[in-house]
Amino acid sequence: MISILIIDDDLNFVKELFNRIIKQKLNIKLVGIGENGREAIKLIEYYKPDVLLLDLMMPHINGIQVLD
């Protein structure tokens, strides 16, 4: 199973994205959702996801800073 973590400050977008992924009936497990860069760093360290869907423009810490 592939673990996926979604980080985006637009929760409506996150819900829509996740629903589209689920409809594909792939072997994917959503391990977490974060709303900003600070949450992203904590969730990445905790879950160590296989796939990270990361918004670049977020409050506090942007996506590029998260990747650094």
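Attention here is on the structure that accompanies the text. (Residues numbered from 1 in each chain as written. Predicted model: local features only at pLDDT ≥ 70, side-chain atom pairs only at ≥ 80, totals over all residues. Heavy atoms only, no water.)

Some points on the sheet that holds strand β2 (residues 28-34)
Quick note on the threshold: Here, any two strands with at least 2 DSSP bridges between them count as paired. Secondary structure counts use DSSP, requiring at least four H or I residues in a row for a helix and at least two E residues in a row for a strand, with both numbered from the N terminus. Axis geometry follows a simple rule: fit a line to the C-alpha atoms, using only the stretch in contact for helices, then measure angles between N-to-C directions, giving values from 0 to 180 degrees. By the convention used here, residues are in contact when the closest approach between their heavy atoms is within 4.5 Å.
Across the sheet, which stays open at both edges, the 3 strands sit in the order β2-β1-β3 with parallel pairing between neighbours. Edge positions in the sheet fall to β2 and β3 (51-54), since each has one partner strand and no second. Strand-to-strand twist in this sheet, taken as the mean axis angle between neighbours without regard to direction, amounts to 20 degrees. Lying over the sheet, helix α2 (residues 37-47) contacts β1 (2-7), β2 and β3, oriented at roughly 145 degrees with respect to β2.

Topic: the environment of Ile44
With respect to the secondary-structure elements, Ile44 resides in helix α2. When the C-alpha positions of Ile44 and Arg20 are compared, they lie 22 Å apart, and in sequence the two are 24 residues distant. Those residues in contact with Ile44 that sit more than four places away from it in its chain are Leu5, Pro49, Leu52 and Val66.

Without other data, these values stay purely geometric and don't point to any function.
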